[in-house]
Amino acid sequence: MNDSPHIGHAYTSLACDVLARFMRLDGRDVMFLTGTDEHGQKVQKSAIAAGMEPQDFVDQVSERFRALGGVMGYSNDDFIRTTEDRHTRSCQELWRRIKANGHIYLDKYAGWYSVRDEAFCTEAEVTDGPGGGKVTVADGSPVEWVEEPSYFFRLSDWQEPLLEFYEKYPQAVAPESRRNEVISFVSSGLNDLSISRASLKWGIPVPDAPDHTMYVWLDALTNYISAAGFPDTECDTWRTYWPADLHMVGKDILRFHTVYWPAFLMAAGVEPPTRVFAHGWWTNEGQKMSKSLGNVIDPHQIVARYGLDAVRYFLLRALPFGSDGDFSHRAIVGRMNDDLANDYGNLAQRVLTMAYRNCGAAVPQPGAFTASDEALLGAAETLVSTVRADIGEQGFHRALIHIWEVVGQANRYVDEQAPWVLRKEDPARMATVLYVVMETLRHLAVLTQAFMPDSSGRMLDQLGVAADARELAALGADGRLAPGTPLPKPKPVFPRFVEDSPDS
RNA sequence: GGCGGGGUAGCUCAGUCGGUAGAGCAGUGGAAUCAUAAUCCAUGGGUCGGGGGUUCGAGUCCCUCCCCCGCUACCA
């Protein structure tokens, strides 16, 4: 972390947030962790470039990441910084255990290091750069020659155990295509990994060898167990939450999380996390985002422009989770207006307004349900198990598609039943119809809470659903809306996005 | 070079065990008028990247070629 957060950072934690919120609504005990990794040469260089001391620099940048959580509405339980004491203790203990188990040895490193990638490179991975220096073949990052004493991790010993691990836990790397990549990489053989730098000061000192600083990825990855309480493996958080059920990462850091990290942990005798999900990257209006192009999307700006819940919805609905995607104005406006305002928001508005005006501003009293009524209610009540399964495998976009199938079904039901006709001809039947849709809306709003907490909460307010009756357990026939419950005057929940007129 | 994933309606994409192509958006026509002019219905003659093959029949299996993306390797 050496700069301000952008949409990619926001996306990673957003997915975690939706998952965490959904699990909590489902009665699960969740620990949702995020934070900042603050060590290494890259950070040190950025600090110098900014004319600051490293600590002051990371204080500032970390604060921006913490603030992002407020802007995006994250419900994280902890926020860890790798410059905290708890993390230093944890890292050094992890090192000691790996070393005590015989997996670390001292040697000399002579080779290339990419500061930008924070990775060591083989001779084959570098080439002559345009400016005369050497750069990586992969993305042209400058590399520098490093020749110094270094501690090494015997990664080469972990090829078989890792392959067995992937075999034993088929879900350990997702999506499937990433799992293939990782297995293919590990199968091709692993080299021992340099895990300390003698020439770097901004980092965690190696135990009993203070002139060495720990490799930034060994340091950074360890944050997960630091926050879980390591090395105190008797504490509640550790016993409850480790091994982690999921690490959510961008595809650029897949290897660190699925090869190095489980190997480090196994070498220390600690159980590795059971799943790592690598999500894709965003482009901006079809273009790769980069600082030099100046088209990096700032989460603050899009939230200010479109609203938080619209952004949250769009990011998770626009593409299959795991794929790359494009953020475009046209696309997000389409989702806002079509899915949110027209289909979902207007469904609520049209029905709530009728109930408010024609049923004494209260939840209507339903009569006997017809087959049509039962069909819609059944679809709504079945939804929870579908969505639970989707989210359980991080299929966020599938979950939303399934929810919106019921939104569409409800709109068709309203048109077929035509409660505005029933109002004159059969008010009792109208009350039943309105009740059925409101009960459907209750299910929809409860399920969309994880994605759009604020809007969904307002919709539940308008349905007269009590604050303590909004968990998944309240879904189904047992938790149905109580007829006679007073309703507030309906207000649109999802605003349409109206373009500024070009001549104004 | 190897491995993996793709190339399907104007756009974004679905297409299970092979049976003569689907959704959403956009467009067109209509219905309705409760509602955020929001909804609903009807309407999609696309060589399913090219070519060849298997089959009674292939986006859907096999071969080959082209293009895109990812991982990985190599460059005497």
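Residues numbered from 1 in each chain as written. Chains lettered and ligands numbered in written order. Predicted model: local features only at pLDDT ≥ 70, side-chain atom pairs only at ≥ 80, totals over all residues. Heavy atoms only, no water.

**Side note on the packing of aromatic side chains**
How we decide: Each Phe, Tyr or Trp ring (for Trp, its six-membered ring) is paired with any other whose centre lies within 6.5 Å, and the angle between the two planes then decides the class: stacked below 30 degrees, edge-to-face above 60, tilted in between. Going along the chain from the N terminus, every DSSP run of H or I of four or more residues is numbered as a helix, and every run of E of two or more is numbered as a strand. Buried, partly exposed and exposed residues are distinguished by accessible area as a fraction of the type maximum, computed with a 1.4 Å probe on protein chains only: under 20%, between the cut-offs, and over 50%, respectively. Note on geometry: a ring has a charge over it if NZ (lysine) or CZ (arginine) is within 6 Å of the ring centre and within 35 degrees of the ring normal.
For the coordinates displayed, the defined rule picks out 29 aromatic pairs. Look at Tyr306 and Phe497: their rings are 5.5 Å apart centre to centre, the planes differ by 40°, and that puts the pair in the tilted class. Pair noted here: Tyr306 is in helix H11 (residues 299–306) and Phe497 is in the segment after helix H18 (453–462), with a separation of 191 residues, a long-range link. Exposure class is identical for Tyr306 and Phe497. Each is buried. One Lys or Arg, Arg197, reaches over the ring of Tyr113 and ends 4.8 Å from the middle of that ring. Lying across the ring of Phe185, Arg255 places its NZ or CZ 3.8 Å from the centre.

**Notes on the sheet that holds strand E9 (residues 193–194)**
Note the threshold: Any two strands between which DSSP finds at least two bridges are classified as paired.
Pairing in this open sheet of 4 strands is antiparallel, and the strands run E4-E3-E7-E9 from one edge to the other. At either end of the open sheet lies a strand with only one pairing partner, and these are strand E4 (119–121) and E9.

**Some thoughts on unusual backbone geometry**
A cis amide bond links Ala174 to the next residue, Pro175, at an omega of -5°. Within the secondary structure, Pro175 is located in the loop between strand E8 (173–174) and helix H6 (176–187). The phi dihedral of Glu285 falls on the positive side, at around 50°, and the residue is not glycine. Looking at the element boundaries, Glu285 is found in the loop between strand E15 (282–284) and strand E16 (287–288).

**With respect to the protein's contact with RNA strand B**
For the record, the criterion: Proximity criterion: a residue is near a molecule or strand once any of its heavy atoms comes within 4 Å of it. Counted as a polar contact is a pair of N or O atoms within 3.5 Å, where, for protein atoms, one must be capable of donating a hydrogen and the other of accepting one, and residues adjacent in sequence contribute only when both atoms are in side chains. Charged residues are taken to be Asp, Glu, Lys and Arg, nonpolar residues to be Ala, Val, Leu, Ile, Met, Phe, Trp, Tyr, Cys and Pro, and polar residues to be all remaining types, Gly included.
For RNA strand B, the set of nearby residues contains 25 residues, the closest of which are Glu181, Arg255, Asn346, Arg350 and Phe494. For RNA strand B, the fraction of protein-proximal atoms (within 4 Å) that sit in sugar or phosphate groups is 71%. Glu181 places a side-chain nitrogen or oxygen 2.5 Å from a sugar or linking oxygen of RNA strand B. At 2.5 Å, a side-chain N or O of Asn346 approaches a sugar or linking oxygen of RNA strand B. Elements with a minimum of two residues in the surface near RNA strand B: H6, helix H13 (329–358) and helix H15 (396–417). Among the elements that make up the surface near RNA strand B, the one with the highest residue count is H13 (11 residues). Residue composition of the surface near RNA strand B, by class: 8 nonpolar, 7 polar and 10 charged.

**A short note on the pairing of strand E1 (residues 33–36)**
By the alternation rule, side chains of E1 split into Thr34 and Thr36, which are all buried, and Leu33 and Gly35, of which none is buried. One ladder, built from 4 bridges, connects E1 with strand E2 (residues 78–81); its direction is parallel. Its bridge partner being in E2, Leu33 is matched across the sheet by Asp78.

**Observations regarding helix H14 (residues 371–392)**
Going by this rule: Expected helix span is taken as 1.5 Å per residue step, with the number of steps being one fewer than the number of residues. Any two residues having at least one pair of non-hydrogen atoms within 4.5 Å are treated as being in contact.
For H14, with 22 residues, the first-to-last C-alpha span of 32 Å sits near the 32 Å given by 1.5 Å per residue. Every buried residue of H14 is listed here: Asp373, Leu376, Leu377, Ala379, Ala380, Leu383, Val384, Val387, Asp390 and Ile391. Looking at the packing, one finds that the buried side of H14 touches helix H1 (7–25), H15 and helix H17 (427–448). Backbone geometry just downstream of H14 places Gln394 in the positive-phi region, at approximately 60°.

**So, the pattern of salt bridges**
Rules: Definition used for salt bridges: Asp or Glu carboxyl oxygen within 4 Å of a side-chain nitrogen of Lys or Arg.
Evaluation of the coordinates by the stated rule reveals 25 salt bridges. The residue Asp26 makes a salt bridge to Arg388 at a minimum N-O spacing of 2.7 Å. Note that Asp26 is positioned in the loop between H1 and E1 and Arg388 in helix H14, a separation of 362 residues in sequence. Judged by relative accessible area, which is 35%, Arg388 ranks as partly exposed. Arg458 is the salt-bridge partner of Asp454, the closest N and O atoms lying 3.0 Å from each other. One end of the pair is Asp454 and the other is Arg458, both in helix H18 and 4 residues apart, which spans about a single turn. On the accessibility criterion, Arg458 (32% relative accessible area) is partly exposed. The network of salt bridges with common partners includes Asp17, Arg21 and Arg312.

**Quick look at the sheet that holds strand E14 (residues 276–279)**
With parallel pairing, the 3 strands of this open sheet are ordered in space as E8-E14-E13. Either end of the sheet is taken by a strand with one partner, and the two such strands are E8 and strand E13 (247–250). With 2 bridges joining them, E8 and E14 adopt parallel strand pairing. Each bridged residue has a counterpart across the sheet, and for Val173 the counterpart in E14 is Val276.

**Looking at the packing of helix H2 (residues 41–49) against helix H3 (residues 54–72)**
Inclusion rule: Only the stretch in contact is used when fitting a helix axis, every axis being a line fitted to C-alpha atoms; angles between N-to-C directions are given from 0 to 180 degrees. An angle counts as roughly parallel when it lies under 35 degrees, as roughly antiparallel when it exceeds 145, as roughly perpendicular when it falls between 65 and 115, and as oblique in every other case.
Remark: H2 packs on H3, axes separated minimally by 9 Å, with the N-to-C direction vectors making an angle of 95°. Between H2 and H3, the angle is such that the two are roughly perpendicular. Residues Val43, Ser46 and Ala47 of H2 lie in contact with H3, whose contacting residues are Pro54, Phe57 and Val58. Considered class by class, the residues forming the contact of H2 with H3 number 5 nonpolar, 1 polar and no charged.

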